[in-house]
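Each chain, letter by letter, is given below.
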Amino acid sequence: MVIMFKAGVSKWLGRGLMLSCFLPGVVMAQTPDRIFYNGKIVTVDKNFSIKSAVAIRGDRIVAVGDSASIRKLADRKTVQTNLNGRTMIPGIIDNHMHFLRTALLPGVDLRELESAFTINAALDIIRGSANVVVQGEWLSALGGVHWNQFEEQRFPNLAELDRAAPNHPVYLSVSNSGPGTVNSRAKAFLESKGLPVGVDGKIEQGEHTVRAWRALSVLFDSHDTIKRATQRQMAFATSVGMTMISDHGGTIPEGGYLDPATGFDPFLDLMREGRVPLRIRLFLPIMETEPSLPILRGRLDNAFRDFGNDMVNVIGFGEWLADRKFQTMSPLPEFYENAAKLAAKRGWTYQQHVINLREIKAHLDVWERVNKETPIAPLRWSLMHLYQMDQESIDRAKALGIGLMPHSTQYYNYNNQPGPMPPFRAIVDSGIRSGGGSDGARIATMNPWPMIYYMVTGKNSAGRMINPGQTLTREESLRMWTANNGWFFREEDHVGSIEVGKLADLVVLSNDYLDPKKVPDDAIRKLTSLMTMVGGKVVHNSGPLR
């Protein structure tokens, strides 16, 4: 059966739609602008249906079904693309990322290293970047890369980096605190600033790495530099199939802090210029320290919640309501509870960072008291990260009607130690609202495919099992990163699946993710996008599709 959308009766009412779905044989009011046919269309609808064709008009999906029926809807102006059996999925949605902060990284970001698994592959990427950027430009991967992802279980050394990029300083570092490695040009610069660098180019973890970040950050903190870096990050995101991300500002000073007052300015310029190719959902971090709640009250009195458009929207507060130094307290300070009650009373969505079980239980204690005054289920509150969540806490969260956001950050688990981090299986089996995210792109990859690989296999970047008994199927994992995530932004009716009336956010994959014969588990990390479409517009095209 073909389901069609009667475009003539559709219009926005706030953020809702009036839809008219009807049976085959009724002529559409308007013909599609574009049709994709002869594909494997993974709808991620309620039944996880697989279709062969989809039709688009404007920014919306207007029909989904079999190729013969869908193609009958076309006229001579309709662009028709033969997928030749390729797999199409809904656009990938990351429910928690420090996306804009990543643009503060110094130099040209080597984001492609996230998908390199040998030293030679990494050097090829570095060499390729060195050949296309201005001579002398810094090349860096400060976060989103780890030495244990390479078969050789090490970073490229100074001599190897010199051969790959003799005319550029190169710096690679694990997360925010190292360890890192540099080539000769980068070594000379850092030593001129009084920083110790090993003969082999190694920068020790901790203080030395932090000092190196600070020395570099002043070189790349101009408005225009950050603006260009933001564009590069958005181009990379769409190249791996991301169509929507949730940004949570920045809370770690080392290596670049996204100033809550001015840090969004370069991005806002791009938004005004119409150069934002994917959907950005903004959460405003509140680092409150005072019982009078001046920071929170300032935001509440001077910001509109749920304000923006389809592309850029302010959703709520997160990942904090209190300064980080208070987060590990149990019980939490009284002013935190007052802040949570005020945010709820004013109707704001709120997402909270929690790592260990003590933090999780402390926040649930507060939220249960807040809920007695103001029900928080309608506000779409959620807890994120959840590396040590237990079943009792899952049950308490479900009773509150909140969401859970278990993140795949432990893909870069440094110690190769097994443990429930986080308990994906238990969370999904509970039936609670849940979705996938990375917490990238400093302590994890921006690329969603290594994150999905971790969900599916329980293995870290070194290929070692660290999350036994908590893995998800490929179908479940894809749903976590698509259809499930719309709920956290109140947009489940508009994004996340390939269904009539939803936004045409679509991705044609480089290979068939659902077929383990074509894409073995380890190859999930290597998936990319041949074509990415956001709102019916092609924002990335690296394949034979036109």
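Residues numbered from 1 in each chain as written. Predicted model: local features only at pLDDT ≥ 70, side-chain atom pairs only at ≥ 80, totals over all residues. Heavy atoms only, no water.

**Considering the nonpolar core**
Logical step 1: Formed by 97 residues in total, the largest nonpolar core has its most connected members in Phe 317, Leu 321, Trp 367, Trp 381, Trp 449 and Tyr 513.
Logical step 2: Ignoring anything within four residues of it in the chain, the contact list for Leu 321 reads Ile 286, Glu 288, Leu 296, Tyr 336, Ala 339, Ala 340, Ala 343, Tyr 350 and Gln 352. (Core = buried A, V, L, I, M, F, W, Y, C linked by side-chain atoms within 4.5 Å. Buried < 20%, exposed > 50% of the residue type's maximum accessible area, 1.4 Å probe, protein only. Contact = heavy atoms within 4.5 Å.)

**Side note on the side chain of Arg 60**
Logical step 1: The residue Arg 60 is located in strand β9 (residues 60-65) in this model.
Logical step 2: Classification of Arg 60 as buried rests on a relative accessible area of 5%.
Logical step 3: Within polar-contact distance, the side chain of Arg 60 engages the backbone oxygen of Gly 501 at 2.7 Å. (Helix = DSSP H or I, 4+ residues; strand = E, 2+ residues; numbered from the N terminus. Polar contact = N/O pair within 3.5 Å; in protein donor to acceptor, adjacent residues only side chain to side chain.)

**Looking at the confidence of the model for the protein chain**
Low pLDDT marks stretches whose predicted atomic positions should not be read closely.
Logical step 1: Taken over all residues, the pLDDT of the protein chain has a mean of 91, while the share at 70 or more is 93%.
Logical step 2: Counting contacts from residues 5-27, a segment whose pLDDT is below 50, to residues more than four positions away or on other chains yields 53 contacts. (pLDDT = per-residue confidence, 0-100.)

**Describing the packing of aromatic side chains**
Logical step 1: Going through the model one piece at a time under the given rule, you end up with 14 aromatic pairs.
Logical step 2: Ring geometry for Tyr 350 and Trp 367: centres 5.4 Å apart, planes at 55°, overall tilted. With Tyr 350 in strand β22 (residues 349-354) and Trp 367 in helix α10 (residues 357-373), this pair connects stretches of sequence that are 17 residues apart. This pair shows no difference in class: Tyr 350 is buried, exactly as Trp 367 is.
Logical step 3: A centroid spacing of 5.0 Å and a plane angle of 70° characterise the contact between Trp 367 and Trp 381, whose relative ring orientation is edge-to-face. In this pair, Trp 367 is assigned in helix α10 and Trp 381 in the loop between α10 and β23 (382-385), connecting sequence segments 14 residues apart.
Logical step 4: Trp 367 sits in the buried class, given a relative accessible area of 0%. (Phe/Tyr/Trp six-rings, centres within 6.5 Å; stacked < 30°, edge-to-face > 60°.)

**Details of the packing of α10 against helix α11 (residues 391-400)**
Logical step 1: Two numbers describe how α10 lies on α11: the axes approach to 11 Å, and their chain directions differ by 25°. As the angle between them shows, α10 and α11 are arranged roughly parallel. Judged by the sense of rotation from one axis to the other, the crossing of α10 with α11 is left-handed. Side by side, α10 and α11 meet where Leu 357, Ile 360, Lys 361, Leu 364, Asp 365, Trp 367, Glu 368 and Asn 371 of the first sit next to Glu 392, Ser 393, Arg 396, Ala 397 and Leu 400 of the second.
Logical step 2: Looking at the contact of α10 with α11 residue by residue, the class counts come to 6 nonpolar, 2 polar and 5 charged. (Axes fitted to C-alpha atoms, helices over the stretch in contact; angles between N-to-C directions. Parallel < 35°, antiparallel > 145°, perpendicular 65-115°, else oblique. Left-handed = near helix turned anticlockwise from the far one by under 90°. Nonpolar A, V, L, I, M, F, W, Y, C, P; charged D, E, K, R; others polar.)

**As for the environment of Asn 413**
Logical step 1: With respect to the secondary-structure elements, Asn 413 resides in the loop between β24 (403-406) and α12 (424-430).
Logical step 2: Given the relative accessible area of 8%, Asn 413 is considered buried.
Logical step 3: It is 9.6 Å that separates the C-alpha atoms of Asn 413 and Arg 464, two residues lying 51 residues apart in sequence.
Logical step 4: If near-sequence neighbours (up to four positions away) are discounted, Asn 413 is found in contact with Asn 148, Met 421, Asn 460 and Ile 466.

**A look at the pairing of strand β18 (residues 242-247)**
Logical step 1: For β18, the tally of buried residues reaches 6 of 6 residues, placing the bulk of the element in the interior.
Logical step 2: Examined bridge by bridge, strand β12 (residues 92-97) and β18 share 4 bridges and lie parallel to one another. Bridging from a neighbouring strand, Ile 92 pairs with Met 242 of β18.
Logical step 3: The pairing of β18 with strand β19 (residues 279-284) spans 4 bridges and is parallel. Along β19, the bridge assignment pairs Ile 245 with Ile 280. (Pairing = 2+ DSSP bridges.)

**Overview of the environment of Thr 457**
Logical step 1: Along the chain, Thr 457 falls in helix α13 (residues 448-457).
Logical step 2: Residue classification places Thr 457 among the buried positions, given a relative accessible area of 8%.
Logical step 3: Here the alpha-carbon distance between Thr 457 and Ser 382, two residues 75 residues apart in the chain, equals 25 Å.
Logical step 4: With sequence-adjacent residues up to four places away left out, Thr 457 is seen in contact with Met 465, Thr 471 and Asp 521.
Logical step 5: A polar contact is formed between the side chain of Thr 457 and the backbone oxygen of Tyr 453, at a distance of 2.8 Å.
Logical step 6: Of the polar contacts made by the side chain of Thr 457, one reaches the backbone nitrogen of Lys 459; its length is 3.0 Å.

**Quick word on the sheet that holds strand β15 (residues 170-173)**
Logical step 1: As summarised here, the arrangement of the 5 strands in space is β13-β14-β15-β16-β17, forming an open sheet in which the pairing is mixed. Each having just a single partner strand, β13 (108-109) and β17 (202-203) make up the two edges of the open sheet.
Logical step 2: Bridge analysis of β13 against strand β14 (residues 139-142) gives 2 bridges, and the strand direction is parallel. Residue pairing in the sheet places Val 108 in a bridge with Leu 139 of β14.

**Thoughts on the pattern of salt bridges**
Logical step 1: The full count for this structure, using the stated rule, is 27 salt bridges.
Logical step 2: Here Glu 337 ties to Lys 341 by a salt bridge, and the two come within 3.3 Å at their closest N and O atoms. Of this pair, Glu 337 and Lys 341 both sit in helix α9 (residues 334-345), 4 residues apart, which is roughly one turn of the helix.
Logical step 3: A salt bridge links Arg 525 to Asp 522, with the shortest nitrogen-to-oxygen separation between them at 2.6 Å.
Logical step 4: What you see here is one network of salt bridges that share partners, running through Glu 337, Lys 341, Arg 369 and Glu 373. (Salt bridge = Lys/Arg side-chain N within 4 Å of Asp/Glu carboxyl O.)

**Description of the sheet that holds strand β27 (residues 537-541)**
By way of backbone hydrogen bonds, the strands of a sheet pair with one another, either parallel or antiparallel.
Logical step 1: The 6 strands are arranged β7-β6-β11-β25-β26-β27 in an open sheet whose pairing can be described as mixed. Here the strands that pair on one side only, and so sit at the sheet edges, are β7 (50-51) and β27.

**Topic: α13**
Because each turn of an α-helix spans 3.6 residues, side chains separated by three or four positions end up pointing in the same direction.
Logical step 1: By the criterion of burial, α13 is predominantly enclosed, with 10 of the 10 residues buried.
Logical step 2: Among the residues of α13, those classed as buried are Pro 448, Trp 449, Pro 450, Met 451, Ile 452, Tyr 453, Tyr 454, Met 455, Val 456 and Thr 457.
Logical step 3: Measuring from the side-chain oxygen of the N-cap residue of α13 to the backbone nitrogen of Trp 449 gives 3.0 Å; that N-cap residue is Asn 447.

**Let's talk about the packing of α9 against α10**
Logical step 1: Two elements in contact, α9 and α10, have axes separated by 10 Å at closest approach and are oriented at 45°. Between α9 and α10, the crossing angle belongs to the class labelled oblique. α10 is crossed by α9, and the crossing has right-handed handedness. Between α9 and α10, the residues in contact are Tyr 336, Glu 337, Ala 340, Lys 341 and Ala 344 and His 363, Val 366, Trp 367, Arg 369, Val 370 and Glu 373, respectively.
Logical step 2: For the contact of α9 with α10, a count of residues per class yields 6 nonpolar, 1 polar and 4 charged.

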